[in-house]
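Chain residues, written in single-letter form:
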Amino acid sequence: MNSGMSRLLGALMGLLVLGLAWELLSHVVTAKGSYDEPLVPGWGYLFGNSLLRMSDYWGGGFGVLAPSEGGPRTYAAALLALGEASLISFERVAGGMVFGVLGGIGLGLLVASSDAARRLIAPTVHIVRMTPFLAMIPLFNLWFGASTFGIILFVAYGVAVIMFIGTINAVRNVPKVYLDRAATVGASRARVFRHVILPAIFPEIRASFLLSFGLSWSLVVAGELLGAQSGLGVIVTYALQFAYTGRVMIVAFLFIIYAGLSFALFEAVSRKIIEWHPQVEKNTAAAPVRWRPGSDISPTSEITR
Amino acid sequence: MTFRSTGGPPDPELPRFRMRAGNGPPKGLGMQQKLVDALYTVAGIALFFAVWWIAASQLPRSRLVTPLEAGRDLWTNFFYSPRLGVFGLGKVGYGSLLLYTLSNVFIGLVTGGAIGILIGIASARLKLLRIFVDPVVLVLGTVPILVAAPLFLLWFGVVPFTQVLLVALYSAVMMVLFSQRAAQNVNPVYERWAMTFGAGTGARMRHILIPGTVPEIIGGLRITLASAWGLEVFAEILGAPSGIGQAIKALTNLSNVPGLLACVVIVAVTAIVTDILLVVLMRRVAIWA
Amino acid sequence: MNPGEPILSVRDIRVGFVRADGTPVLALDGVSLDVSSGEFVCILGRSGHGKTTLLNVVAGLLNAQRGEVRVMHLPVTGPGTDRGVIFQQDAVFPWMRVLDNVAFGLRVRNVSRQERLRIAREHLTLVGLLPVARAWPRELSGGMRARVAIAAVFANNPPILLADEPFGALDYVTRRQVQAVLRDLWRRTGKTVLFVTHDVDEAMMLGTRVIVVSNGRIAEDRAIELPMPRSDDDVATPAGLALKHLLLHHMGLE
């Protein structure tokens, strides 16, 4: 079994264990909070009660009636409500990622090309990076509003900082010998950029990118929790007002699933692009093929004396 | 534009010398180099404030104010801020609120971090523990910490424990990851060599594994600390009896931009200072690294 | 350029650095030499005595504070396609397959795809690596990557070839095999080679001429009058041993 599969299995097992522990806990802690909601709702309650009552957030449409207009609480309505909210949150994650990555890498490459620029900007970058992102949310809310636009901007800001720093480091870490080699064969700046710099920095940029995935989901969650009007996070805000622990749990699970899935998906897709990297494990049980000295490849087989 | 790189193994004949295609040796020589570095730092900081100032002069007061104004607000409200008293925070200023935030971060980081480090190092060596720890950490290591914030608030209420628990949980998870990696990165040849001298497991732990992982663990602590600040402030904004986060929340409701900026500045400054302290600690504890 | 005139001319090169602690260091102190076309010059010396610095100045990767280098009468101002380099560190691009690595220099000069791949395959055949043309560098052993580097440099057909201790990381057997590859390609193409090494035996096996650099100056400059192709027996003659003792002496070992 290769490592990718075993990691997946491990993750599933971990989820199972945590799920069981949760259920156990719900039977131990039977206290109830306000509005008769158990503090630790078990799985039965979560699916029977909390999920069903998510339909409260459905505004009607697609032939499914909204409870607020007198319709029944149905799973269909609940799933539609959650789906709609998820899409909004997802849109924010995607938007923030796109702008953040493009902006971060673009600016990073620009600054990396000039030693003076990099050193001059360094203190600003340090200050910006050490200012906790989450503490900036109210400021962004004030500036751009707590709408999709504002949240996308905020996420883009956070992602851009990560990608910028990652890009600068990646360029600095390009082994000098590759640049020297390109110079000795007469490569133009454009060629050096395209054939040496870009491929050489790709693995490190990919690592920053994967980091940004987790960050952007976190920033969307945080942004929505602090005053948004739509999205998954706002369901939590509503639920908090009534101490509906179950609904908070469901949204929490959804966030975990979304973040994990998008991360795993991208990791798998981008892995193929860096198959050349010495440290990328191939998904086979055997180690990467190494041509052994002494096999067909004799160094002097073709040279005549 | 030319790309400069400093990567690659150092050439023994060219100590600390950066080769540039087509240019001569660097203008600096030792002392001169240090002076240039210092100048760049000063210029860079000046640039930051200059950009802030220019932006503030171009934008309305409802969006941004100058660094001087933010500084003034910070100064006048540090020990006592009448504004904040309205929000049920009592007779406080930014200073005392900051202290609350700082102590929560510290307690959470230290307790959670200690647990994480122990579990991390142990699980790197004990396969059985590893099998158990890895999946849990993998799941908990993504978004969940933030969604736990409102949950903890529901369970434990508006008390310091809620925030400390959040920070501690996050610190524990992060430090497990960092410590595992640190322990794995200790070259096994050191322990093997020690075994040839007759060193037992305990001795090897004490003299090789623990000292060997210190630099990387402190590095992990720095990263965790930086995020912990944000987590604590966030948790406070959600609901807390005190803390800079509460000040931020209050000032946002008042749409008080100078105050907001002052709070962000003070958080940033404290985060930078604590980071520097960790670096100093690292230099003292791991001079050899 | 007339026959008999040197293809490479180094005049009074002076290079100084500053160490990390601030002390100035004179890496090369007024070095001059001439190299004729077709020579295989081994630059021998201990680590830190200036031989790599000299090579980097000739390659154009480093500017000297005084003196000049001329290749075919033209002054050297930077790296160029007239001087191919085989580096000490592994410079084979890991993100390109072997064939593309060898064809890289040609691609950079806008040689057509068909033509450059043909030339690349031809040179891979010469070093015995045609079967791994589609492999990734990470799948190859160190010796094979060294041969890829050799093929890549020769594929560009530079008149001068500079090598900076390229085989230092290889084990004894592999090193001798790759040395043979380089020597045979040199004999086949008649290029001028400057080969930096700290290994006296390597210098004696490969060179037509050996220069010892010691403390930033040239301490010895001698032709190696042993037959080519050379075997261990050719080196173990009285003449060869005498030269070896002389070289060891200049390197501080005897």
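All values reported here derive from a predicted model rather than from experimental measurement.

(A) Broad picture of the overall build of chain B. Within chain B, the regular secondary structure consists of 11 helices and zero strands. Its helices and strands taken in sequence order, chain B reads α-α-α-α-α-α-α-α-α-α-α from the N to the C terminus. For chain B, the share of sequence-separated contacts (at least 6 apart) that also reach a separation of at least 24 residues comes to 68%. Within the structure as shown, chain B displays about 14600 Å² of accessible surface, and the carbon and sulfur contribution to it stands at 71%.

(B) Summary view of the nonpolar core. Among the nonpolar cores identified, the biggest contains 177 residues, and Val196(A), Phe234(B), Leu8(C) and Leu194(C) are the most heavily contacted of them. The element that contributes the greatest number of residues to this core is helix 8 (residues 189–225) of chain A, accounting for 15 residues. Leaving out residues up to four positions away in the same chain, Leu8(C) has contacts with Leu33(C), Asp34(C), Val35(C), Val58(C), Val69(C), Arg70(C), Val71(C), Ile160(C) and Leu194(C). Grouped together as the second largest cluster of nonpolar side chains are 54 residues, Cys42(C), Val132(C), Phe195(C) and Met204(C) included.

(C) Up close: the pairing of strand 1 (residues 8–18) of chain C. All names here are of chain C. A large share of strand 1 lies buried, amounting to eight of its 11 residues. In terms of strand pairing, strand 1 meets strand 2 (residues 24–35) through nine bridges, oriented antiparallel. Across the sheet, residue Phe-17 finds its bridge partner in strand 2, namely Val-25. The loop that links strand 1 with its antiparallel partner strand 2 comprises five residues; one of these, Gly-22, has a positive phi angle of about 100°. With five bridges joining them, strand 1 and strand 4 (residues 66–71) adopt antiparallel strand pairing. Residue pairing for strand 4: Leu-8 is matched across the bridge by Val-71.

(D) Representation of the interface of chain A and chain B in the model. Contacts between the two partners involve 61 residues from chain A, matched on the other side by 54 residues from chain B. The contact between chain A and chain B buries some 5400 Å² in all, and 78% of this surface belongs to carbon and sulfur atoms. Together, Arg119(A), Met130(A) and Leu142(A) form the three largest contributors to the area buried by chain A at its contact with chain B, with a combined 12%. Along the contact surface separating chain A from chain B lie three residue pairs in polar contact (both at pLDDT 80 or more). Ranked by residues supplied to the side of chain A that touches chain B, first place goes to helix 4 (residues 115–130) of chain A with 10 residues. Of the residues belonging to the side of chain A that touches chain B, the class tally is 44 nonpolar, 10 polar and seven charged.

(E) Fine view of the pattern of salt bridges. Inspection of the entire model under this criterion finds 25 salt bridges over all chains. Among the salt bridges present, the one from Arg119(A) reaches Asp37(B), with a minimum N-O distance of 2.3 Å. With Arg119(A) in helix 4 and Asp37(B) in helix 1 (residues 31–58), this residue pair bridges two chains. Overlapping salt bridges bring together Arg206(A), Glu267(A) and Arg271(A) as one network.

The rules we used
Residues numbered from 1 in each chain as written. Chains lettered and ligands numbered in written order. Predicted model: local features only at pLDDT ≥ 70, side-chain atom pairs only at ≥ 80, totals over all residues. Heavy atoms only, no water. Helix = DSSP H or I, 4+ residues; strand = E, 2+ residues; numbered from the N terminus. Contact = heavy atoms within 4.5 Å. Areas by Shrake-Rupley, 256 points an atom, 1.4 Å probe, with all protein chains shown as cover. Core = buried A, V, L, I, M, F, W, Y, C linked by side-chain atoms within 4.5 Å. Buried < 20%, exposed > 50% of the residue type's maximum accessible area, 1.4 Å probe, protein only. Pairing = 2+ DSSP bridges. Buried area = accessible area lost by both parts, 1.4 Å probe. Polar contact = N/O pair within 3.5 Å; in protein donor to acceptor, adjacent residues only side chain to side chain. Nonpolar A, V, L, I, M, F, W, Y, C, P; charged D, E, K, R; others polar. Salt bridge = Lys/Arg side-chain N within 4 Å of Asp/Glu carboxyl O.

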